[in-house]
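One-letter residues, chain by chain:
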Amino acid sequence: MNRHRKIKRFFKDYVNQISPMMIELLEDELQKSTEKRKRIWTRKWILHRGTHGASVGLLRELASEDVNEYRSFMRMNVEQFQLILQNISDKIQRSDTAMREAISAKDKLQVTLSFLATENSFRTLQHIFRVPKPSISTFLPEVLDAIYDFLKDYIKVPETDEEWGVLENGFRTRWNFPGCYGAIDGKHVSIQAPNQCGSEFWNYKGSNSIVLMAIVDHDYCFRYINVGANGRNSERNCSIYQKLENNNILPDGGFLVGDDAFPLKTYLLKPYSHRSLAYDEKIFNYRLSRARRIVENAFGILASRFRIFHKPISTRLEVTNKIIRTACALHHWLRMTSGITYLGSGTVDVEDENTGEIFEGTWRRDFSMPSRYR
């Protein structure tokens, strides 16, 4: 009996001793579990965007001290940036909440333009501008839409004889090819293929892509674009194809020029492709090549100015389409409003009129976007 009481007292004393320890251990485990489930709303260093972000730091310095470097960073000058910002702010600005301050329209536009102009990832942009990656992914499509809505009228097919006449006069006087109203070509834009797409976007060059089809005028400006066809599709999927076939878009007798991969049409001229060419045929090919080279240079300028095209675009497919069309609209607008500062010396191909020698533009050495049809 005494032995039983001793054992009972021993266990009672033991439990009294370890109970506080067990409770403490359980409390520690509960705290750790709670901390794991707790999400960080905003990192502290991101909260310093208003004092240390690129918008109030680097870009402000460049705007006042080095305008050329600012233009290289944003692909436009301060006045052009402000013009876009004024016209899209209402569409992209959000209200502050009780939890946090809204990202400003200015920051959103700067991040978006930097994303187009560079090969920077969302993580790099997060570090530069102190804007969270998820936020960039969220606002990027709406900013792209806002920019395109503001500039989309620059990319339009002429509607009047006077507007068509400007294009024909440009090809006739500048490129010695009368009757031409545009140069047409398609380009592969490299993408990271969507999940479970199989070979839908796989092209003959061995990569995944979507096709940008464009008609370019005599001054390297896009007059028509069609974006989004997968890498296997042909030009017949473009919205303008049926209009061309029905002969209800170009002026009477007018035509476009394309490379040898296009079919010969009454509205589309291509070079002679057989080897033994007569003298007149060689002259024709030479002059057509001069006119057609405009579209190659336009694509090259686009890729050299917006370096997002230098590697496969990894955004969702619908966002990729927005990226391409917005970059084309910006290209046309900047070409029309920036003068020589947008192109720069030696950017495009130049021909020696005396010898016929062609000096390739710097964009060809900088980057080569693969052609859809070559």
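Provided above is the structure to which this section pertains.
In this report, we go over the structure that sits alongside the text. (Residues numbered from 1 in each chain as written. Predicted model: local features only at pLDDT ≥ 70, side-chain atom pairs only at ≥ 80, totals over all residues. Heavy atoms only, no water.)

**Quick word on the sheet that holds strand β3 (residues 222-230)**
Ordered in space as β3-β2-β1-β4-β5, the five strands form an open sheet in which the pairing is mixed. One side of each edge strand has no neighbouring strand; the edge strands of this open sheet are β3 and β5 (268-269). Of the strands in this sheet, β1 (180-190), β2 (209-216) and β3 touch helix α9 (residues 161-174), which is tilted by about 85° from β1. (Pairing = 2+ DSSP bridges. Helix = DSSP H or I, 4+ residues; strand = E, 2+ residues; numbered from the N terminus. Contact = heavy atoms within 4.5 Å. Axes fitted to C-alpha atoms, helices over the stretch in contact; angles between N-to-C directions.)

**A word on the packing of aromatic side chains**
A complete count under the given rule lists six aromatic pairs for this structure. Taking 6.1 Å as the distance between ring centres and 55° as the angle between the ring planes, the aromatic pair formed by F177 and F284 counts as tilted. Taken together, the residues F177 in the loop between α9 and β1 and F284 in helix α11 (residues 279-305) connect sequence positions 107 residues apart. Note on F177: relative accessible area 6%, which makes it buried. Each ring, one from F222 and one from F299, has its centre 5.9 Å from the other, and the planes form 55°; the classification is tilted. Residue F222 is located in strand β3, and its partner F299 is located in helix α11; the two are separated by 77 residues in the primary sequence. Given the relative accessible area of 0%, F222 is considered buried. (Phe/Tyr/Trp six-rings, centres within 6.5 Å; stacked < 30°, edge-to-face > 60°. Buried < 20%, exposed > 50% of the residue type's maximum accessible area, 1.4 Å probe, protein only.)

**Let's talk about unusual backbone geometry**
Of note in the backbone geometry, R130 takes a positive phi value of approximately 60° without being a glycine. When you line up the elements, R130 lands in the loop between α7 (122-129) and α8 (133-151). In this structure, Y220 takes a positive phi of about 65° despite not being glycine. Structurally, the position occupied by Y220 is in the loop between β2 and β3.

**Structural notes on the environment of R293**
Secondary-structure assignment places R293 in helix α11. On the basis of relative accessible area, R293 is assigned to the buried category, the value being 12%. Along the sequence, R293 and D349 sit 56 residues apart, while their C-alpha atoms lie 8.3 Å from each other. The residues contacting R293, other than those within four sequence positions of it, are D349, I358 and R364.

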